[in-house]
Amino acid sequence: MEQFDFLIIGAGCAGASGAMYASRLNMKTVMIAEMPGGLITTTHLVENWPGIKAISGPDLAMSLLDHAKSFGVELKNEKILQIDTATLTAEELEAGKRPGFLVHSASNKYLAKTILIATGTMHRKIGCKGEKELENKGVSYCALCDGAFFRNKTVCVVGSGDSAAKEALLLTQFADKVYVVSRTTLHPEPVNLQRVKDNPKIECLDKAEIAEISGTNKVEKIILKDGREIPMDGVFVAIGHIPLSDIVGNLGVKLNDRKEIEINRKSETNVAGIYAAGDVCNTEFKQAITGAAEAVTSSFWAYEYLNAHEIVLPT
Ligand SMILES: Cc1cc2nc3c(=O)[nH]c(=O)nc-3n(C[C@H](O)[C@H](O)[C@H](O)COP(=O)(O)OP(=O)(O)OC[C@H]3O[C@@H](n4cnc5c(N)ncnc54)[C@H](O)[C@@H]3O)c2cc1C
């Protein structure tokens, strides 16, 4: 069975950055990811990665993965299903030994001395009538992936944050008309708010909520909770994300009430040897660079931990 000093679940901005640092600290490191590149690959423009004025999300993700791989990090394209811990006696713990982990995918098992959880999030759904039925038939969660299908059409973005504004701005490259449906008001970064205001194709519908997405085999209209019906070809949902933290459920890793993994300034969880970074964590400000920084921090403290303890791997 393959054995690693630092096993990273996830290969988004956080996972790839942590991997690069860990391998430079001479830890045998692997990234295991269902979707290498992660969430940033769904955005067309990143203007706040230090040192690069503008880059597409896919290009940024690719450069991070390439950087990690150039230092010898392996990337495995698999979904991790379960993590088990070695059981140690009180005497072993007293002697400074610490438990290692057995990590399972559907077809493989890996031994890990330390683990970084960098699993990010999944899209939050509106939960309204018609959303599920019309997914991929006009309902989308990624303007970069699906925007080009809506050339000269009318679409809406549902959401109030910076992601919603960016999705709307991207969609103006294809659609004739882009509504932004916000439960409150749109409040992105000021630079994106100005871009939205300056764009004649965008119309903001504030204090509005979708009650139903309606259509036969494809999106035809949205019905708002106040009764308004608006003809529509596409609905892009950008109302946030749900952390993918179930994987640590059996390990006793502490989650907050939003199911985010609680970490400290060393990116440690409450379970020795398990670190977490990026969007899956309980940090308020979730960006590519903040997740990368948390992951880099974790690699340093995992290195220190491995120098301080003998790890007993599961048998
Ligand atoms: C539209 C949009 C625009 C954005 N624009 C910006 C921007 O301009 N600047 C910025 O800094 N941030 C931006 N963000 C936020 C940024 O994308 C995220 O903060 C960042 O990508 C999160 O990185 P991560 O590594 O924590 O998670 P993710 O990128 O979500 O990566 C998670 C990784 O874990 C893997 N994974 C999950 N579960 C498992 C499992 N069980 N087994 C194996 N692999 C698993 C996934 O496949 C993936 O590889 C934007 C987000 C959106 C939605």
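Residues numbered from 1 in each chain as written. Predicted model: local features only at pLDDT ≥ 70, side-chain atom pairs only at ≥ 80, totals over all residues. Heavy atoms only, no water.

(A) The overall build of the protein, seen in detail. Helix and strand counts for the protein come out as seven helices and 19 strands. Relative to the 2.2 N^0.38 estimate, which gives 20 Å for 315 residues, the radius of gyration of the protein is 22 Å and therefore close to what a compact globule would have. A principal-axis box enclosing the C-alpha atoms of the protein has dimensions of 70 × 40 × 30 Å. The 315 residues of the protein split such that 49% are buried. Counted over contacts in the protein with a minimum sequence separation of 6, partners at least 24 positions apart contribute 62%. In the structure as shown, the protein presents an accessible area of about 15200 Å², 51% of it carried by carbon and sulfur atoms. Of note, the protein has its 34 positive side-chain charges centred 3 Å away from the centre of its 39 negative side-chain charges. (Helix = DSSP H or I, 4+ residues; strand = E, 2+ residues; numbered from the N terminus. Rg over C-alpha atoms; globule rule 2.2 N^0.38 Å. Buried < 20%, exposed > 50% of the residue type's maximum accessible area, 1.4 Å probe, protein only. Contact = heavy atoms within 4.5 Å. Areas by Shrake-Rupley, 256 points an atom, 1.4 Å probe, with all protein chains shown as cover. Lys, Arg positive; Asp, Glu negative; His and termini not counted. Charge placed at Lys NZ, Arg CZ, Asp CG, Glu CD.)

(B) A look at the state of the cysteines. All chains considered together, the criterion is met by one disulfide. Residue pairing for Cys-142: its cysteine sulfur links by disulfide to Cys-145, the two sulfurs lying 2.0 Å apart. Judged by the torsion about the S-S bond (75°), the Cys-142/Cys-145 disulfide is right-handed. Residue class for Cys-142 comes out buried when judged on its relative accessible area of 6%. Here Cys-13 is not disulfide-linked; the sulfur of Cys-281 is the nearest cysteine sulfur, at 14 Å. The class for Cys-13 is buried, based on a relative accessible area of 9%. Of the cysteine sulfurs around Cys-128, a residue in no disulfide, the closest is that of Cys-156, at 9.6 Å. A relative accessible area of 11% places Cys-128 in the buried class. (Disulfide = S-S within 2.5 Å.)

(C) A look at the sheet that holds strand β12 (residues 202-205). Strand order in the open sheet formed by five strands is β9-β16-β10-β11-β12, and the pairing between neighbours is parallel. The two strands at the open ends of the sheet, each matched to only one other strand, are β9 (139-140) and β12. Of the pairings in the sheet, the one linking β9 to strand β16 (residues 234-237) comprises two bridges and is parallel in character. By the bridge assignment for β16, Val-139 is matched with Val-235. (Pairing = 2+ DSSP bridges.)

(D) Spotlight on the nonpolar core. Core analysis: the biggest nonpolar cluster contains 36 residues, and Phe-6, Ile-8, Met-31, Ile-40, Trp-49, Leu-60 and Leu-116 have the highest contact counts within it. Put simply, the parts of the chain that give this core at least two residues each are β1 (2-9), α1 (13-24), α2 (57-70), β7 (109-117) and α7 (288-308). The next biggest cluster of nonpolar side chains, apart from the first, holds 24 residues, and it includes Ile-32, Ile-83, Phe-101 and Ile-263. (Core = buried A, V, L, I, M, F, W, Y, C linked by side-chain atoms within 4.5 Å.)

(E) The layout of surface pockets, seen in detail. Reported here for the second largest pocket is a volume of approximately 170 Å³. Forming the boundary of the second largest pocket are 14 residues, of which Ser-17, Met-20, Trp-49, Leu-64 and His-67 lie nearest the centre. Of all the secondary-structure elements, those providing two or more residues to the lining of the second largest pocket are α1, α2 and α7. (1 Å grid on protein atoms, 1.4 Å probe; cavity = no way out; pocket = protein on both sides within 12 Å on 5 of 7 lines; lining within 4 Å. Points joined across faces, edges and corners; volume = space filled by probe spheres on them.)

(F) Expanded view of unusual backbone geometry. The residue Asn-152 is not glycine, and still its phi comes out positive at about 60°. You can see Asn-152 is positioned in the loop between α4 (143-146) and β10 (154-158). Residues other than glycine seldom take positive phi values, yet Ser-267 does so here, at roughly 65°. Relative to the helices and strands, Ser-267 resides in the loop between β17 (241-243) and β18 (274-276).

(G) Broad picture of the sheet that holds strand β14 (residues 221-224). The three strands lie next to each other as β13-β14-β15, forming an open sheet whose pairing is antiparallel. Looking at which strands have only one partner, the edges of the open sheet turn out to be β13 (210-214) and β15 (229-231). Strand-to-strand twist of the sheet, defined as the mean angle between neighbouring strand axes without regard to direction, takes the value 20°. (Axes fitted to C-alpha atoms, helices over the stretch in contact; angles between N-to-C directions.)

(H) Examining the packing of helix α5 (residues 162-171) against helix α6 (residues 190-198) more closely. It is the contact of α5 with α6, at a shortest axis distance of 10 Å, that shows an interaxial angle of 40°. At the point where α5 passes α6, the crossing takes the left-handed sense. When α5 is examined against α6, the residues Asp-162, Ala-165, Lys-166 and Leu-169 are found in contact with a partner set consisting of Asn-192, Arg-195 and Val-196. Of the residues contributing to the contact of α5 with α6, the split by class is three nonpolar, one polar and three charged. (Left-handed = near helix turned anticlockwise from the far one by under 90°. Nonpolar A, V, L, I, M, F, W, Y, C, P; charged D, E, K, R; others polar.)

(I) Layout of the pairing of β10. Buried residues dominate β10, accounting for four of its five residues. Bridge analysis of β10 against strand β11 (residues 177-181) gives five bridges, and the strand direction is parallel. Its bridge partner lying in β11, Val-155 is registered against Val-178. With α5 bridging β10 and the parallel β11, this β-α-β connection has right-handed handedness. In terms of strand pairing, β10 meets β16 through four bridges, oriented parallel. Each bridged residue has a counterpart across the sheet, and for Val-157 the counterpart in β16 is Phe-236. (Right-handed = clockwise from strand over helix to strand, strands pointing away.)

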